[in-house]
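Commentary on secondary and tertiary structure
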Amino acid sequence: GDSVTQMEGPVTLSEEAFLTINCTYTATGYPSLFWYVQYPGEGLQLLLKATKADDKGSNKGFEATYRKETTSFHLEKGSVQVSDSAVYFCALSSGGSNYKLTFGKGTLLTVNP
Amino acid sequence: EAGVVQSPRYKIIEKKQPVAFWCNPISGHNTLYWYLQNLGQGPELLIRYENEEAVDDSQLPKDRFSAERLKGVDSTLKIQPAELGDSAVYLCASSRNPGQGKDTQYFGPGTRLTVL
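These lines cover the structure that appears in this document, whether it is placed above or below. (Residues numbered from 1 in each chain as written. Chains lettered and ligands numbered in written order. Predicted model: local features only at pLDDT ≥ 70, side-chain atom pairs only at ≥ 80, totals over all residues. Heavy atoms only, no water.)

Bringing the overall build of chain A into the picture now. Of regular secondary structure, chain A possesses 0 helices and 12 strands. In chain A, the succession of helices and strands from N to C terminus is β-β-β-β-β-β-β-β-β-β-β-β. Compactness check: chain A gives a C-alpha radius of gyration of 14 Å against a globular reference of 13 Å for 113 residues, within 12% of the reference. Structurally, chain A occupies a C-alpha span of about 45 × 30 × 20 Å along its principal axes. Counting across all 113 residues of chain A, residues that qualify as buried make up 45%. Restricting to contacts in chain A with at least 6 residues of sequence separation, those with at least 24 account for 55%. For chain A, the accessible surface area stands at approximately 5,300 Å², while carbon and sulfur atoms represent 48% of it. Between the averaged position of the 9 positive side-chain charges in chain A and that of its 11 negative side-chain charges there is a distance of 7 Å. (Helix = DSSP H or I, 4+ residues; strand = E, 2+ residues; numbered from the N terminus. Rg over C-alpha atoms; globule rule 2.2 N^0.38 Å. Buried < 20%, exposed > 50% of the residue type's maximum accessible area, 1.4 Å probe, protein only. Contact = heavy atoms within 4.5 Å. Areas by Shrake-Rupley, 256 points an atom, 1.4 Å probe, with all protein chains shown as cover. Lys, Arg positive; Asp, Glu negative; His and termini not counted. Charge placed at Lys NZ, Arg CZ, Asp CG, Glu CD.)

On the chain A side, the residues contacting the 21 residues of chain B number 20 residues. Here chain B meets chain A over a buried area of about 1,700 Å², counting both sides, of which 52% is carbon and sulfur. Across the contact surface, chain B and chain A share 0 salt bridges. Viewed at the interface, chain A and chain B are joined by 4 residue pairs in polar contact (both at pLDDT 80 or more). If you list the elements that add at least two residues to the side of chain B that touches chain A, you get β4 (31–37) and β5 (44–50) of chain B. Along the lines of polarity and charge, the residues of the side of chain B that touches chain A split into 7 nonpolar, 10 polar and 4 charged. (Buried area = accessible area lost by both parts, 1.4 Å probe. Salt bridge = Lys/Arg side-chain N within 4 Å of Asp/Glu carboxyl O. Polar contact = N/O pair within 3.5 Å; in protein donor to acceptor, adjacent residues only side chain to side chain. Nonpolar A, V, L, I, M, F, W, Y, C, P; charged D, E, K, R; others polar.)

All names here are of chain B. What you see with strand β3 (residues 19–24) is a clean split: Val19, Phe21 and Cys23 sit on the buried side and Ala20, Trp22 and Asn24 on the side with no burial. Sheet topology places strand β1 (residues 5–7) next to β3; 3 bridges connect them, and they run antiparallel. Within the sheet, the bridge partner assigned to serine 7 lies in β3 and is tryptophan 22. Alignment of β3 against strand β8 (residues 75–79), held across 5 bridges, turns out to be antiparallel. When the sheet's bridge partners are listed, phenylalanine 21 is paired in β8 with leucine 77. (Pairing = 2+ DSSP bridges.)

Let's shift gears to the sheet that holds β3(B). Residue and element names in this part refer to chain B. Ordered in space as β1-β3-β8-β7, the 4 strands form an open sheet in which the pairing is antiparallel. Two strands bound the open sheet, and with one partner strand each, they are β1 and β7 (65–68). Looking at each pair of strands side by side, their axes are set apart by 15° on average, direction ignored. Relative to β8, β7 runs antiparallel, the two being bridged by 4 bridges. (Axes fitted to C-alpha atoms, helices over the stretch in contact; angles between N-to-C directions.)

The next thing to look at is the pattern of salt bridges. A side chain with one charge may pair with a side chain of the opposite charge, provided their charged atoms come close. Taken as a whole and assessed by the stated rule, the structure comprises 7 salt bridges over all chains. Note that Asp55(A) and Lys52(A) form a salt bridge whose closest N and O atoms lie 3.4 Å from each other. For Asp55(A), a relative accessible area of 22% corresponds to the partly exposed category. Connected through shared salt-bridge partners, Arg64(B), Glu83(B) and Asp86(B) make up one network.

Functional significance is not addressed by these values, which are geometric in nature.
Spelled out as structure tokens, the structure:
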């Protein structure tokens, strides 16, 4: 079945540091890939997505590229801020008749000033 | 545009008691999802509705869990009776166009259930 594996946290960085959160997946067919973010006390928010190989999703300075050859969708940001502190979830949707999202376990990011 | 609304935000009950969660999706969104999120884990799908029809309830523990989506808008998820292991966050999500397979799901803030 479908699965998502993302790097375990917690990840602690200083403000303006470079961020990478690794995500790899296993899926049938050609899934769509997503990064969701969950700020403290809030629901999941879509951060970015990519629907086909080599697509790059980007939002709020975050980027991730859909790499079919390595089945990866790593999240990156060049300079993190304290306000980026949150839990980040990588997810996939296999499409077809199955529209559910399969999530990774989440990575807690803490950015210190 | 208002987001997905869930209530209550928090609920504490004793085991063997019933509990219900309510979700109002984004206006115009035909597809509604209920997810379960255990502590330290990603959400897992419980049930998906397209309009008022439950099209995927394979992960819903039907001995104690039930859900309904009357009139294809609001939805209620019920647990009866609740067990200690049901303590988790219950998330509702909605999306606009069923059938496309790549549509974005928008999540509500969730209901955090604690069973004592």
